[in-house]
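Structural overview for review
Each chain is listed here by its residues.
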Amino acid sequence: MRFVTIKGIRGIGSLRQILTVLVVLAMVSAACGGDDSSASPTTEAPPQTTAAPPSEPEETETTEAAPAEPQTVRYFSMWNEGEPQQVVLQGIIDDFESETGIEVDVLWGGREILTSVRAALSAGDPVDLVDLDAEPLVGALVNTGETVSLAGVLDMQIPGENNTVGDVIPAAFLDVYAIDGEPHLIPYEVISSGIHYDGSRLASLGIDPPETWDEFIAASVAAGENAVQADGLINFYNAYWLYWLMVRHGGPGVFYEAASDPTGEAWRSEAIVNAVNDLVKLVESGAMAEGYDGSNYPLAQQEWAVGNGTFMVNGTWLASETSSYAAEGFDYRLLSFPTVPGGFDSAELYQIGWVVPRAAQTPDAAMDFIAYSLNRERLAGIADVAKNITPRSDIGVPPEIQDAADIFASEPPVHRIYDGVQGDFPEYWETVFLPLDDQLFFGQIGAQEFIDKITSATADYWASR
């Protein structure tokens with residue numbers, strides 16, 4: 001099994017490197033002319049005394065070229081029908097089919113699309129293209145050697161432009177999930193996370209946007225009932241809190257190092273202990289919404305968007321998911337995750353993108369679709385309709401997530417979502433970290449018990465590998 005790891009690396013680069021796109025124009029093909037030779041003069045043949053009998057015309061066999069077999073790209077997507085990204089992608093698919101004659105057979109399978117991918121691949125059914133959040137997608141298919149290199153896509157000209165894919169997608173995006181220096185995932189959406197709030201509501205409560213963790217807890221308590229909303233049955237949403245606190249206290253890489261420590265003792269580091277204690281402060285503050293431990297998506301975010309709640313930790317997609325029912329005048333704002341004394345400042349960089357499975361039957365057509373989709377006008381729908389950020393710097397940012405763009409503009413170091421643990425150690429993430437994190441976040445165990453249990457569980461996990 002091959003892993004894409006960042007162990008020991010404190011982040012994955014600066015935002016200046018990541019957000020700079022060098023657009024290289026001037027790809028011109030030269031045409032070459034043919035050879036223009038003249039016919040030589042003929043020479044009269046001597047007269048023949050005996051006429052030769054006419055020969056039978058030679059039969060020539062002509063074979064018509066068989067028409068090319070129509071190609072079909074079997075595409076498994078994470079979106080459900082009717083979601084903004086699905087609407088954008090369906091429009092791109094319709095245009096692609098019309099212009100190329102290639103059919104795209106798409107399964108809109110939702111967030112559990114990997115289950116469908118696995119079932120299809122196990123049954124020998126073709127899967128040519130998959131999209132999903134980068135970390136679970138990389139953990140399930142890229143790190144296991146089940147995807148092909150997409151390096152060739154970088155040299156493909158984007159239909160309708162003079163640019164190649166490599167011209168418009170920053171190399172730093174591609175390098176994060178590279179295998180042997182070659183990209184295996186190409187993004188079409190860029191995401192971050194933080195603490196969301198309604199600017200108008202906070203102003204009406206007379207509360208200034210908090211900057212530090214202690215200020216955040218104080219603001220949450222002052223906001224009153226159901227101040228911090230959470231859909232507690234979504235365990236990877238719960239994980240935002242502790243993961244962010246660990247990165248704030250110990251810097252990018254601290255969570256990764258603890259998860260990958262075969263002794264488990266890295267969980268006892270001062271930075272992680274402080275992060276765990278800070279989460280307990282929030283849980284014990286009384287600021288969490290009533291019944292959050294049993295709330296099922298999207299109930300909590302619906303409550304938050306209509307004004308029954310003040311803060312919610314989530315990805316930058318939250319505005320897109322809630323805008324259709326948000327309270328009138330809702331002012332979408334985003335806090336960079338609060339700082340801690342002596343801690344680290346960094347921003348989360350996350351991607352949604354495509355991979356092509358090694359078992360694909362029409363990989364070239366799938367790659368054609370990727371290049372086609374990255375056209376500026378076509379991809380702009382991710383910003384205009386789906387209200388998210390694209391990897392192309394020449395596409396604007398939706399006003400609902402301008403705060404995220406401003407965070408990036410300040411050029412902090414960046415790190416992978418969940419510090420890379422979800423992507424590189426998916427089994428550990430699911431079986432060791434998430435269950436214990438839930439217990440801590442629900443107040444079922446305290447700080448010391450959490451540290452003791454996860455230290456032991458981590459050592460047991462790696463000992464069994």
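Refer to the structure printed above.
My aim in this report is to walk through the structure given alongside it, one point at a time. Keep in mind the model is a prediction, meaning the values are calculated, not measured.

1. Considering the overall build of the protein
The secondary structure content of the protein amounts to 21 helices and 12 strands. Among the 465 residues that make up the protein, the fraction classed as buried is 52%. If you take every contact in the protein between residues at least 6 apart in sequence, the share linking residues at least 24 apart comes to 79%. Here the protein displays about 21300 Å² of accessible surface, and carbon together with sulfur accounts for 50% of that area.

2. Topic: the side chain of Asp419
Position of Asp419 relative to the elements: it lies in the loop between strand 12 (414–415) and helix 19 (421–424). On the basis of relative accessible area, Asp419 is assigned to the buried category, the value being 0%.

3. Observations regarding the pattern of salt bridges
One pass over the structure, following the stated rule, counts 13 salt bridges. For Lys281, the salt bridge is made with Asp278, and the minimal N-O distance between the two is 3.4 Å. Taken as a pair, Lys281 and Asp278 lie in helix 12 (residues 270–284) at a separation of three residues, close to a single helical turn. Note on Lys281: relative accessible area 42%, which makes it partly exposed. Residue classification places Asp278 among the buried positions, given a relative accessible area of 8%. Two residues, Arg392 and Asp394, come together in a salt bridge whose shortest N-O distance is 2.8 Å. When salt bridges with common partners are traced through the structure, they connect Glu161, Arg376, Arg392 and Asp394 into a single cluster.

4. Regarding the nonpolar core
Trp241, Trp267, Leu374, Tyr428, Phe433 and Phe450 are the most contacted members of the largest nonpolar core, which totals 138 residues. For this core, the element with the most residues is helix 10 (residues 235–250), which contributes 10 residues. Of the residues that make up this core, three or more belong to each of domain 1 (66–191 + 350–415) and domain 2 (193–347 + 418–463). If sequence neighbours within four positions are ignored, Tyr428 has contacts with Ala259, Trp267, Val421, Phe433, Ile454, Thr458, Tyr461 and Trp462.

5. Considerations on the packing of helix 9 (residues 213–223) against helix 12
Running from N to C, helix 9 and helix 12 point in directions that differ by 10°, and their axes come no closer than 10 Å. Judged by the angle between their axes, helix 9 and helix 12 are roughly parallel. Where helix 9 approaches helix 12, its residues Trp213, Asp214, Phe216 and Ile217 are matched on the opposing element by Asp278, Lys281 and Leu282. Tallied by class, the residues present in the contact of helix 9 with helix 12 amount to four nonpolar, no polar and three charged.

6. Re unusual backbone geometry
The linkage connecting Tyr297 with the following residue, Pro298, adopts the cis geometry, with an omega of 5°. Mapped onto the secondary structure, Pro298 falls in the loop between helix 12 and helix 13 (299–305). With a phi angle near 50°, Asp180 is a residue other than glycine that sits in the positive phi range. Classification of Asp180 by relative accessible area gives exposed; the value is 75%.

7. Comments concerning the packing of aromatic side chains
For the coordinates displayed, the defined rule picks out 37 aromatic pairs. With a centroid separation of 5.2 Å and an interplanar angle of 80°, the aromatic rings of Phe236 and Tyr237 are classed as edge-to-face. Exposure remark for Phe236: the relative accessible area of 37% places this residue in the partly exposed category. Taking NZ or CZ as reference, Arg378 lies 3.6 Å from the ring centre of Tyr372, over its face. We note Arg465 situated over the ring of Tyr461; from NZ or CZ to the ring centre the distance is 4.0 Å.

8. Focus on the sheet that holds strand 2 (residues 103–108)
Here five strands make up an open sheet; going across it, the order is 2-1-3-11-6 and the pairing mixed. Unpaired on one side and paired on the other, strand 2 and strand 6 (186–191) mark the two borders of the sheet. Sheet twist, expressed as the mean angle between neighbouring strand axes with direction ignored, is 15°. Of the strand pairs in this sheet, strand 1 (residues 72–77) and strand 3 (residues 129–133) are connected by two bridges, and their pairing is parallel.

9. Here we look at the sheet that holds strand 7 (residues 193–198)
The three strands lie next to each other as 8-7-9, forming an open sheet whose pairing is antiparallel. Of all the strands in the sheet, just strand 8 (311–315) and strand 9 (332–335) have a single pairing partner and so form its edges. The mean inter-strand angle of the sheet, taken between neighbouring strand axes irrespective of direction, is 40°. Strand direction decides the pairing type here: strand 7 and strand 9, joined by four bridges, are antiparallel. Bridge assignment links Ile195 to a residue of strand 9, and that residue is Leu335. Helix-sheet contacts for helix 10 involve strand 7 and strand 8, and the interaxial angle to strand 8 is about 95°.

10. Here's the deal with the environment of Pro413
Relative to the elements of secondary structure, Pro413 occurs in the loop between helix 18 (402–409) and strand 12. On the accessibility criterion, Pro413 (39% relative accessible area) is partly exposed. With 64 residues separating them in the primary sequence, Pro413 and Leu349 have C-alpha atoms 9.6 Å apart.

11. Quick look at the pairing of strand 3
It is a general feature of regular strands that their side chains alternate between the two faces of the sheet. Of all five residues making up strand 3, five are buried, and the element is well covered by its neighbours. Where strand 3 meets strand 11 (residues 350–355), four bridges bridge the pair, whose relative direction is antiparallel. Following the sheet pairing, Asp131 is matched in strand 11 by Trp354.

12. Digging into the side chain of Gln301
Mapping Gln301 onto the fold places it in helix 13. With residues up to four places along the chain from it excluded, the contact list for Gln301 reads Asp231, Met312, Asn314, Leu318, Glu321, Thr322 and Tyr325.

Conventions we followed
- Residues numbered from 1 in each chain as written.
- Predicted model: local features only at pLDDT ≥ 70, side-chain atom pairs only at ≥ 80, totals over all residues.
- Heavy atoms only, no water.
- Helix = DSSP H or I, 4+ residues; strand = E, 2+ residues; numbered from the N terminus.
- Buried < 20%, exposed > 50% of the residue type's maximum accessible area, 1.4 Å probe, protein only.
- Contact = heavy atoms within 4.5 Å.
- Areas by Shrake-Rupley, 256 points an atom, 1.4 Å probe, with all protein chains shown as cover.
- Salt bridge = Lys/Arg side-chain N within 4 Å of Asp/Glu carboxyl O.
- Core = buried A, V, L, I, M, F, W, Y, C linked by side-chain atoms within 4.5 Å.
- Domains from an automatic or database assignment.
- Axes fitted to C-alpha atoms, helices over the stretch in contact; angles between N-to-C directions.
- Parallel < 35°, antiparallel > 145°, perpendicular 65-115°, else oblique.
- Nonpolar A, V, L, I, M, F, W, Y, C, P; charged D, E, K, R; others polar.
- Phe/Tyr/Trp six-rings, centres within 6.5 Å; stacked < 30°, edge-to-face > 60°.
- Lys NZ or Arg CZ within 6 Å of the ring centre and 35° of its normal.
- Pairing = 2+ DSSP bridges.

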